[in-house]
Amino acid sequence: MKLSKITIDNYRGFYGEGNTIEFNVDDSKKKINLIIARNDTGKTTLLNSIYWCLYGEEQFSDKRSKSIASNKKISKTQINARLRVKVTIVLNDEKGPKYTITRERTFTRHDDAESGTSASQCGPDNFYGLERNENSTGFDPIEHLDVFIESMIPKGISSFFILDGEQLKAIFSSDINYKIKDSIEKVANITSLNNMIANLKLLDRKYSQETKKIDPEYSKIQSRIDECDERIDEKQNKLKEAIAKTEDLRKQLNELSEFLIDHSEATIRRLSLEEERIKKESERVNQERKDNETELSNMTISSYVIHNSKDALGETLKKFDELSKSPDFPPAVEPSEVKQLLKKGECICGTKIKNGSDEEKRLLRLSDARSYKTYLKVVSLGVAVLPEMIDCLESKIKDIKNVKRKINDCEKTLQENEKVIEGIAQELKGSDKEEVRKKREEKETTDRDILRSGSLIVELKRDISDLEEAKKECEAKQTTEKIKAMKNQIIIQKSEKCKQFIEYAKEIKETILKTIKDKIEDTTAQNFIELHWKAEDYERVSISDDFSLSVKDRYEGEIINELSQGAALCFGLAFMSALRNYSGYDVPIIIDSPVGKIDEGNREKIANNLPNQLEGKQVILFVTNAEYTSVFKEVLEKKIASIVNLIYDKEKGEVVIE
Amino acid sequence: MSAVDELIARINYLNIESDKRKIYNKLKTSIIFANTRGNPDIFLLSLTLGFKYNKRKKLKKSSNLFRVNELGKDIWIPLSIGYKVLGDLSIFETKEGVVMALKICEEYANCGIDILNGMMKKPKEFTDDIIREIIKEDVL
């Protein structure tokens with residue numbers, strides 16, 4: 001790609017519209033285009049205009065902070081009126097114009113009393129481009145022009161294509177490592193690899209996030225399923241056994257039922273129950289009889305005692321009665337009074353009594369307080385108690401009769417029951433009652449066993465159902481976890497691939513970087529020798545692993561920071577041309593003041609060798625009259641395709657292109 | 001405390017012939033006396049039998065059988081028999097009188113126990129015979 005035309009409207013010193021510079025790009029052998037101008041005539045402005053057109057900013061001037069609009073144009077523009085700055089560059093391929101890139105910026109004139117002429121930008125730049133269509137029948141707009149420019153000449157390495165020779169050393173003065181690395185990476189097109197690595201890292205991170213958490217109990221699920229299976233088998237076996245047992249029991253029950261029917265079990269049962277009932281009744285009656293007999297014994301003994309002593313009791317009672325009713329029965333007189341009366345020889349009835357008479361003796365006894373009182377009380381008590389004792393005999397005899405009757409009744413009942421039992425025994429005679437009883441008991445036991453077996457079957461079925469349910473749950477969980485694990489496995493594999501690719505990409509990147517770096521290093525060293533007259537003094541030019549540039553003298557001393565302006569320019573050009581040759585970018589190289597700081601001897605070397613080092617590329621050199629010496633001219637003459645002179649017209653106050 | 005209780009308060013035991021204790025012990029185990037007071041009832045029965053058949057014998061070697069107060073209201077039976085035999089009301093007046101009456105009773109019982117023992121050789125008939133006797137004499 002070659003720069004064939006620049007059109008500048010009102011850009012700083014280029015006043016007016018249609019200031020056009022055209023380069024001869026048709027001669028394939030002559031690829032150097034010279035712009036010759038005196039100092040301060042517009043070389044750097046021209047360089048800036050190209051840079052501004054491409055990137056929207058200036059790179060090579062202290063005037064960058066000021067307006068890019070032509071002061072003359074501003075001054076000629078009415079207050080508040082608008083003026084336009086515009087730069088168009090045309091790039092040709094072998095078929096002719098290929099791309100046209102234009103940037104326009106609009107300004108508004110201020111009424112600024114202090115500065116006199118000033119204008120401020122209004123609105124964003126109008127930035128557009130045209131590309132020749134495939135059939136070469138016309139031009140189509142370039143979409144995403146920023147991206148297009150970035151792919152054609154990345155801004156990061158633009159300083160190796162559009163450069164100011166006098167400021168070349170500054171490239172190495174700061175952030176050199178980063179810039180060189182960045183430059184080499186760009187030259188080596190490592191960006192895409194970096195992007196790929198970054199994307200792969202993002203992808204890997206995404207995979208990590210996609211990895212599903214696996215249940216920590218996952219490994220135990222299978223053992224749980226196995227356990228369920230084992231228990232289900234166990235329960236199934238038990239169920240089969242229980243079913244078989246129930247079947248056997250049912251058969252047994254049928255056999256027993258048949259036996260019992262055949263042996264009139266119902267009748268036997270009824271009779272046996274009846275027999276049992278009667279026996280129980282007899283037991284009760286017998287007990288009742290015994291109780292009555294005991295009672296009868298008691299009653300009989302006590303009655304017999306009374307019966308035998310009845311006469312004695314009756315006689316005593318009779319006597320007591322007589323005593324209590326007799327007028328002789330002593331009244332209730334206090335024994336002390338009786339004693340007083342005895343002393344006087346009087347009875348309690350008032351009659352006189354003789355000494356030693358029976359009356360006196362009786363009264364003496366009565367005067368004995370204790371005996372007297374007891375005697376009275378005993379008689380009184382006897383009168384009350386004795387009739388009771390005697391009379392109760394009669395009622396006791398009645399009771400005895402009643403109890404005796406009860407005993408007789410009991411005996412009668414017992415006899416009747418005995419007869420009934422005998423009758424039953426007669427009825428049961430011939431039937432194998434014991435065998436039937438045993439069978440009946442067996443049947444009852446079998447019934448109970450069937451019931452228990454049935455409960456066991458229900459329980460086992462429920463257990464099996466529960467276990468199958470649990471197993472299903474485990475299997476479902478296992479399937480889910482398995483799917484998760486498989487997905488994770490795939491993701492892990494992808495992630496591993498990512499990491500592998502990242503490693504490959506890094507390896508490739510490192511290899512490419514090293515290869516390019518080594519080539520650039522070699523070429524820079526070779527170029528430097530070709531460009532600088534005293535190059536043999538420098539033992540080695542190298543780019544270290546951390547991308548720092550190094551120039552060592554014959555004594556192995558580092559002198560990169562001690563290079564003279566000229567040597568630094570030669571080194572910069574050498575590095576730039578080496579870098580340029582490996583870049584693969586098909587764009588012209590524009591150098592302002594390539595030999596400004598170079599003496600005559602070196603200038604010849606540069607003039608001879610620089611075009612060779614940049615072979616195949618269009619080179620636009622901005623030189624002053626002082627740089628463009630006869631020697632320089634003589635060496636370059638055969639390689640120059642076109643020369644443009646920039647002249648400053650003092651009268652008009654504008655740059656004129658010739 | 002009743003008047004009789006006061007009277008017998010200082011009299012401790014009723015006595016039997018020492019040799020006859022074994023009869024008392026044997027009879028106590030009989031079903032007939034199973035639910036009675038035991039010794040007091042056997043003594044009373046022996047006493048009344050001895051009295052009925054008018055057989056009495058002095059005790060050669062006396063032995064305590066039971067406390068007098070265990071007889072309760074039935075004390076009237078020995079006292080009445082004592083009065084019947086002695087015909088003296090003094091037995092109801094003093095301790096000495098009571099003791100005298102009881103002594104007579106002990107003598108009756110001393111013979112009566114042998115009669116009872118003889119009757120008890122046929123225990124099944126014992127009760128029936130007695131009942132028959134009571135009912136025949138008292139009711140019929």
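Everything here concerns the structure above.
Below is a short write-up of the structure. Not measured: the values here are computed from a predicted model.

For chain A, the helix and strand inventory stands at 15 helices and 15 strands. For chain A, buried positions account for 44% of its 658 residues. Within chain A, residue pairs in contact and separated by at least 24 positions form 73% of the contacts whose partners lie at least 6 positions apart. Roughly 36300 Å² of accessible area belongs to chain A as shown, and the carbon and sulfur atoms make up 47% of that amount.

This part takes up the overall build of chain B. Within chain B, the regular secondary structure consists of six helices and two strands. The secondary structure elements of chain B, listed N-terminal to C-terminal, are α-β-α-α-β-α-α-α. Relative to its 140 residues, chain B shows a buried fraction of 53%. Counting contacts in chain B only where the partners sit at least 6 residues apart, residues at least 24 apart contribute 78% of the total. Within the structure as shown, chain B displays about 6800 Å² of accessible surface, and the carbon and sulfur contribution to it stands at 48%.

Residues and elements named next belong to chain A. One non-glycine residue, asparagine 80, adopts positive backbone phi at about 70°. Structurally, the position occupied by asparagine 80 is in the loop between helix H2 (71-76) and strand E4 (82-93). Residue asparagine 80 is classed as exposed on the basis of its relative accessible area, which comes to 58%. The phi angle at serine 593 is positive, at roughly 50°, despite the residue not being glycine. Take serine 593: its relative accessible area is 5%, and that puts it in the buried class.

Tracing the chain through its elements places A:Thr45 in helix H1 (residues 43-55). When neighbours within four sequence positions are excluded, A:Thr45 is seen to be in contact with A:Tyr11, A:Arg12, A:Gly13 and A:Phe14.

What follows covers a negative patch on the surface. Residues and elements named next belong to chain A. Together, Asp599, Glu600, Glu604, Glu634 and Glu637 make up a region of like negative charge exposed at the surface. With respect to the element layout, aspartate 599 can be found in the loop between strand E12 (589-592) and helix H14 (600-613). Residue classification places aspartate 599 among the partly exposed residues on the basis of a relative accessible area of 41%.

A few words on the environment of A:Leu253. Residues and elements named next belong to chain A. Secondary-structure assignment places leucine 253 in helix H7 (residues 218-262). Along the sequence, leucine 253 and glutamate 442 sit 189 residues apart, while their C-alpha atoms lie 8.6 Å from each other. Among all residues touching leucine 253, those that are not within four sequence positions of it are Lys443, Thr446, Asp447 and Ile450.

Before going further, it helps to spend a moment on helix H5 (residues 95-119) of chain B. In this model, H5(B) (25 residues) spans 34 Å end to end at C-alpha, consistent with the 36 Å of a helix rising 1.5 Å per residue. A maximum bend of about 30° is found in H5(B) at B:Cys111.

Let us look at the environment of A:Lys519. Residue and element names in this part refer to chain A. The topology assignment puts lysine 519 in helix H12 (residues 433-531). On the basis of relative accessible area, lysine 519 is assigned to the partly exposed category, the value being 39%. Taking the C-alpha atoms as reference, lysine 519 lies 8.1 Å from alanine 578; in sequence the two are 59 residues apart.

This part takes up the pairing of E4(A). Residues and elements named next belong to chain A. Of all the twelve residues making up E4, nine are buried; the element is thus mostly covered by neighbouring parts of the structure. Direction of pairing for strand E1 (residues 2-9) relative to E4: antiparallel, over a ladder of seven bridges. Within the sheet, the bridge partner assigned to threonine 7 lies in E4 and is threonine 88. Alignment of E4 against strand E5 (residues 96-109), held across twelve bridges, turns out to be antiparallel. Among the inter-strand pairings, isoleucine 89 is bridged to a residue of E5, identified as isoleucine 101.

Contacts between the two partners involve 39 residues from chain B and, on the opposite side, 39 residues from chain A. Around 3600 Å² of area is buried between chain B and chain A when both sides are counted, 70% of it from carbon and sulfur atoms. Three residues, B:Trp76, B:Glu93 and B:Ile134, lead the burial of chain B against chain A; their summed loss comes to 18% of the area buried on that side. Viewed at the interface, chain A and chain B are joined by three salt bridges. Close ionic contact of B:Asp128 with A:Lys404 constitutes a salt bridge, the shortest N to O distance being 3.0 Å. For the interface between chain B and chain A, the tally reads seven residue pairs in polar contact (both at pLDDT 80 or more). Secondary-structure elements contributing two or more residues to the side of chain B that touches chain A are helix H1 (3-8), helix H3 (39-52), helix H4 (76-86) and helix H6 (123-138) of chain B. With nine residues, H6(B) is the largest single contributor of residues to the side of chain B that touches chain A. Its residues assigned to classes, the side of chain B that touches chain A comprises 21 nonpolar, seven polar and eleven charged.

Another aspect to go through is the packing of aromatic side chains. Evaluation of the coordinates by the stated rule reveals twelve aromatic pairs over all chains. Ring geometry for A:Phe320 against B:Trp76: centres 6.0 Å apart, planes inclined by 80°, an arrangement best described as edge-to-face. In this pair, A:Phe320 sits in helix H8 (residues 265-325) while B:Trp76 sits in helix H4, so the two residues belong to two different chains. The two residues A:Phe320 and B:Trp76 agree in class, both being buried.

Bringing the packing of helix H2 (residues 21-28) of chain B against H3(B) into the picture now. Residue and element names in this part refer to chain B. Two elements in contact, H2 and H3, have axes whose closest approach is 10 Å; the angle formed by their N-to-C orientations is 115°. It follows from the interaxial angle that H2 and H3 lie roughly perpendicular. Helix-helix and strand crossings are classified by hand; for H2 and H3 the assignment is right-handed. Every residue of H3 that contacts H2 at Tyr24, Leu27 and Lys28 is listed here: Asn39, Ile42, Phe43 and Ser46. Classifying every residue of the contact of H2 with H3 by side-chain character gives four nonpolar, two polar and one charged.

Residues and elements named next belong to chain A. Structurally, valine 403 can be placed in helix H11 (residues 369-428). A residue is classified by how much of its surface remains accessible, and valine 403, at 5% relative accessible area, is buried. Remark: the alpha-carbon pair of valine 403 and glutamate 295, spanning 108 residues in sequence, is separated by 7.8 Å. Here valine 403 is in contact with Asn292, Glu295, Leu296 and Met299, once residues within four sequence places are set aside.

On to the pattern of salt bridges. For the structure on display, the rule yields 34 salt bridges over all chains. Linking B:Asp74 and B:Arg37 is a salt bridge whose minimum nitrogen-to-oxygen distance equals 2.6 Å. Of the two residues, B:Asp74 sits in the loop between strand E2 (62-67) and H4 while B:Arg37 sits in the loop between H2 and H3, which places them 37 residues apart along the sequence. Looking at B:Arg37, the relative accessible area reads 38%, which means it is partly exposed. One salt bridge in this structure joins B:Lys52 and B:Glu133, with 2.0 Å as the shortest N-O distance. You can see B:Lys52 sitting in helix H3 and its partner B:Glu133 sitting in helix H6, a full 81 residues away along the chain. Overall, the relative accessible area of 30% leaves B:Lys52 in the partly exposed class. One salt-bridge network, in which partners are shared between bridges, spans A:Arg103, A:Arg105 and A:Asp125.

Turning next to the sheet that holds strand E14 (residues 640-649) of chain A. Residues and elements named next belong to chain A. Strand order in the open sheet formed by six strands is E9-E12-E13-E3-E14-E15, and the pairing between neighbours is mixed. Across the chains shown, the open sheet's two edge strands, defined by having one partner strand only, are strand E9 (162-164) and strand E15 (654-657). Across the sheet, the axes of successive neighbouring strands diverge by a mean angle of 15°, strand direction being ignored. Sheet analysis places strand E3 (residues 32-37) next to E14, joined by six bridges and oriented parallel. Counterpart to asparagine 33 in the pairing with E14 is serine 642. H1 contacts E3, E9, E12, strand E13 (619-623) and E14 of the sheet and is inclined by roughly 150° relative to E9.

Cut-offs and rules
Residues numbered from 1 in each chain as written. Chains lettered and ligands numbered in written order. Predicted model: local features only at pLDDT ≥ 70, side-chain atom pairs only at ≥ 80, totals over all residues. Heavy atoms only, no water. Helix = DSSP H or I, 4+ residues; strand = E, 2+ residues; numbered from the N terminus. Buried < 20%, exposed > 50% of the residue type's maximum accessible area, 1.4 Å probe, protein only. Contact = heavy atoms within 4.5 Å. Areas by Shrake-Rupley, 256 points an atom, 1.4 Å probe, with all protein chains shown as cover. Patch = residues over 30% accessible without salt bridge, like charges linked within 9 Å, V, L, I, M, F, W, Y side chains within 5 Å. Salt bridge = Lys/Arg side-chain N within 4 Å of Asp/Glu carboxyl O. Lys, Arg positive; Asp, Glu negative; His and termini not counted. Charge placed at Lys NZ, Arg CZ, Asp CG, Glu CD. Expected span 1.5 Å × (residues − 1). Bend = angle between axes of the 7 residues up to and from the residue. Pairing = 2+ DSSP bridges. Buried area = accessible area lost by both parts, 1.4 Å probe. Polar contact = N/O pair within 3.5 Å; in protein donor to acceptor, adjacent residues only side chain to side chain. Nonpolar A, V, L, I, M, F, W, Y, C, P; charged D, E, K, R; others polar. Phe/Tyr/Trp six-rings, centres within 6.5 Å; stacked < 30°, edge-to-face > 60°. Axes fitted to C-alpha atoms, helices over the stretch in contact; angles between N-to-C directions. Parallel < 35°, antiparallel > 145°, perpendicular 65-115°, else oblique. Left-handed = near helix turned anticlockwise from the far one by under 90°.

Purely geometric stuff here, so don't read any function into it on its own.
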